[in-house]
Amino acid sequence: MEISVIRSSQVNLGRSCDAGLFSFSKNLGAEIYNLKNNKSKACCFVQNQSLKLQWKSAVGFTLRASTAQTADAVNSERAPIISRTKHVDGIKLFVGLPLDTVSKSNKISRARAIAAGLKALKVLGVMGVELPIWWGVAEKEAMGKYEWTSYLAVVEMVQKLGLELHVSLCFHASEECRIRLPEWVSRIGEGDPDIYFADRSGQQCRDCLSFAVDDVPVLDGKTPVQVYRDFCDDFKATFSPFLGSTITRVSIGLGPDGELRYPSHHRLDKSNRGAGEFQCYDRYMLKNLKQHAETNGSPLWGLGGPHDTPSNDRSPLSDGFFAENGGSWETPYGDFFLSWYSSQLLSHGDRILSLAASTFKDAGIAVSGKVPLIHSWHRTRSRPAELTAGFYNAANRDGYDGVARIFSRNACSMILPGMDLIDEHQPAEIRSSPQSLLEEITSSCRVHGVTVSGQNSLPSGLSGGFDQIKKTVLDANTLVDTFTYQRMGASFFSPEHFSPFAQFVRFTSRSEVQTT
């Protein structure tokens, strides 16, 4: 009995806010699955018993695949056994589940589609999946009132298939899937809006809490760090039967989008080529800055952030703070401010990583955190986008050595996105270089013995991204042992994407052969 990747002669792709449709099917008696190379134009799983599933997405499309034709070889001469999901000495491949796998109403979204998708990944030989767990969902209504039922159901689905699970604990909001911070936190924020970051114009980012309140009892008498620890403790107690077996890694949220950075780019859109804005104007950040300036003997430097940064609708290199030659970033004041600003980020990261490492030290699982790839303007001396995000990585400075140090000190692995990005595909006007920045960060990781877990930033099927990922993870200078492909959804199972992804799975399972 075989399962084949079959192409379709009839594919209808359109934009729809309602659904993406993909056909999965299942033969329960199957023991060996063949994946055969194929030159036709679409991709679906075809077996004796068909199951059509709706995949709804706020930004999805409708996909219909039908009239299956003969497949050609996507694979090798020997068929892999379905139970083979552990790749000895290879790259451990995971796939991210949809961000709203558990919705803002704490219900499993598209449960049948998720189940079918998990089975498809199992068949391909993927090692496991990644599940986002949202603070704003699990502790939505009141401090200390946790509701894990839907998340437990997803974990049980993964366990039954023999897949591994990486969990991401998300202490931020997501505009994409319309998940906010907990309602009780938002109510506190209405009375004290300074618990959120703010830029020079007073614009706030309510996607996460200001790092300056980490140890301030602003949440009904508790500090955010205490609340995060309580959340992690309850998660650990609730999911203890799965820790070390099904759940093998926990990633702790470190900032906006779960990444260790300031939300400096939250006001940028696709047409905006700015470098973001410094996020140091909430009351608590300004208090810290004032104290630091007074201790440093320069009290006037503590009145606020740089006054000469350009607005987001202008090139950051035009004049003022970020100018390539003669910019304020190279002055004693610039060094004072950037050193303080980046130190606040590192202190926050160290606190949260330490919290996670101590909470899960006896759980038999790995702990990780995510560092962004802020590659815009990297081919400049001032590197303004990195500066506003909190990385003092300007000319003649290594802004990532300190980052690697805190990960090493807490025995945490570092998640790095952007392994699919290619310099030549970036807009010339923003002088971007994702490849050289990735090399810089992984170099710091190598010095400090930090293991790297890779991710893609874009769907990779149509952009040559899979080839770039292969090149990156095979680089002898990197420490990549795990790759999480982001993310499952309607486009993931589209005909143009799924076939090259299947080939990528084969690459990860035999990468140990290619690297010897």
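It should be noted that the structure appears before, not after, this text.
Below you will find a few notes about this structure. For clarity, every value in this text was computed on a predicted model and none was experimentally measured.

### As for the pairing of strand β12 (residues 247-252)
(1) Moving on: For β12, the tally of buried residues reaches 6 of 6 residues, placing the bulk of the element in the interior.
(2) Moving on: Pairing analysis gives 3 bridges linking β12 to strand β13 (residues 366-370), with the strands arranged parallel. When the sheet's bridge partners are listed, R249 is paired in β13 with A366.

### Points about the packing of aromatic side chains
(1) Moving on: Across all of its chains, the model carries 41 aromatic pairs by this definition.
(2) Moving on: For the ring pair W301 and F336, a centre distance of 5.2 Å and an interplane angle of 45° mean the geometry is tilted. One end of the pair, W301, is in the loop between α6 (283-295) and α7 (332-359); the other, F336, is in helix α7, and 35 residues separate them in sequence.
(3) Moving on: We classify W301 as partly exposed; its relative accessible area is 27%.
(4) Moving on: When the ring of F337 is compared with that of W340, the centres are 5.9 Å apart and the planes differ by 45°; the resulting orientation is tilted. Pair noted here: F337 and W340 are both in helix α7, with a separation of 3 residues, about one helical turn. Taken individually, F337 and W340 each receive the classification buried, so the pair is uniform in this respect.

### Here we look at the nonpolar core
(1) Moving on: Core analysis: the largest hydrophobic core is formed by 131 residues, its most contacted members being L169, F235, F407 and F501.
(2) Moving on: No other element matches the 12 residues that α7 contributes to this core.
(3) Moving on: Residue contacts for F501: discarding those within four places in its chain leaves L93, V95, L121, L124, V126, F466, Y485 and F492.

### A closer look at the sheet that holds strand β8 (residues 128-134)
(1) Moving on: With respect to topology, 8 strands assemble into a closed barrel ordered β7-β8-β9-β12-β13-β14-β15-β16, the strand pairing being parallel. Neighbour-to-neighbour, the strand axes of the sheet open up by a mean angle of 30°, direction not taken into account.
(2) Moving on: Across the sheet, helix α10 (residues 434-448) is in contact with β14 (413-416) and β15 (452-455); its angle to β14 comes to roughly 175°.

### Details of the pattern of salt bridges
(1) Moving on: Using the criterion set out here, one finds 20 salt bridges in the structure.
(2) Moving on: Residue D100 is joined to R110 by a salt bridge in which the shortest nitrogen-to-oxygen separation is 3.0 Å. In this pair, D100 is assigned in the loop between β7 (92-96) and α1 (111-124) and R110 in the loop between β7 and α1, connecting sequence segments 10 residues apart.
(3) Moving on: The exposure class assigned to D100 is partly exposed, which follows from its relative accessible area of 23%.

### Considering the packing of helix α11 (residues 465-473) against helix α12 (residues 495-509)
(1) Moving on: One can describe the packing of α11 onto α12 by two numbers: an axis separation of 10 Å at closest approach and a directional angle of 15°. It follows that α11 is roughly parallel to α12 by the angle criterion. Where α11 crosses over α12, the two elements pack in a sense that is right-handed. Note on element contacts: α12 touches α11 through H497, P500, F501, F504 and F507, opposite F466, I469, K470 and V473.

### Some remarks on the side chain of E130
(1) Moving on: In this fold, E130 is placed in strand β8.
(2) Moving on: On the basis of relative accessibility, which here comes to 6%, the residue E130 falls in the buried class.
(3) Moving on: Here R487 takes part through its side chain, which lies 2.9 Å from a polar atom of the side chain of E130.
(4) Moving on: When neighbours within four sequence positions are excluded, E130 is seen to be in contact with V95, G96, L97, L165, H166, S168, T484, Q486 and R487.

### Section: unusual backbone geometry
With the exception of glycine, most residues fall at negative phi, and the peptide bonds are largely trans.
(1) Moving on: The omega angle of the peptide bond from Q486 to R487 is 0°, so this bond is cis rather than trans.
(2) Moving on: Tracing the chain through its elements places R487 in the loop between β16 (480-485) and α12.
(3) Moving on: Within the chain, N106 stands out as a residue other than glycine whose phi angle is a positive 65°.
(4) Moving on: Structurally, N106 is set in the loop between β7 and α1.
(5) Moving on: Even without being a glycine, D257 presents a positive backbone phi close to 60°.
(6) Moving on: As for its position among the elements, D257 is in the loop between β12 and α6.
(7) Moving on: With relative accessibility at 49%, the residue D257 sits in the partly exposed group.

### Digging into the side chain of T223
(1) Moving on: By the element assignment, T223 lies in the loop between β11 (204-209) and α5 (224-238).
(2) Moving on: Every residue in contact with T223, bar those within four places of it in the chain, is listed here: D214, D215, V216 and P217.

### Some remarks on the environment of S494
(1) Moving on: You can see S494 is positioned in the loop between β16 and α12.
(2) Moving on: What makes S494 buried here is its relative accessible area of 7%.
(3) Moving on: A distance of 2.8 Å separates a polar side-chain atom of S494 from the backbone oxygen of S491.

Criteria and cut-off values
Residues numbered from 1 in each chain as written. Predicted model: local features only at pLDDT ≥ 70, side-chain atom pairs only at ≥ 80, totals over all residues. Heavy atoms only, no water. Buried < 20%, exposed > 50% of the residue type's maximum accessible area, 1.4 Å probe, protein only. Helix = DSSP H or I, 4+ residues; strand = E, 2+ residues; numbered from the N terminus. Pairing = 2+ DSSP bridges. Phe/Tyr/Trp six-rings, centres within 6.5 Å; stacked < 30°, edge-to-face > 60°. Core = buried A, V, L, I, M, F, W, Y, C linked by side-chain atoms within 4.5 Å. Contact = heavy atoms within 4.5 Å. Axes fitted to C-alpha atoms, helices over the stretch in contact; angles between N-to-C directions. Salt bridge = Lys/Arg side-chain N within 4 Å of Asp/Glu carboxyl O. Parallel < 35°, antiparallel > 145°, perpendicular 65-115°, else oblique. Left-handed = near helix turned anticlockwise from the far one by under 90°. Polar contact = N/O pair within 3.5 Å; in protein donor to acceptor, adjacent residues only side chain to side chain.

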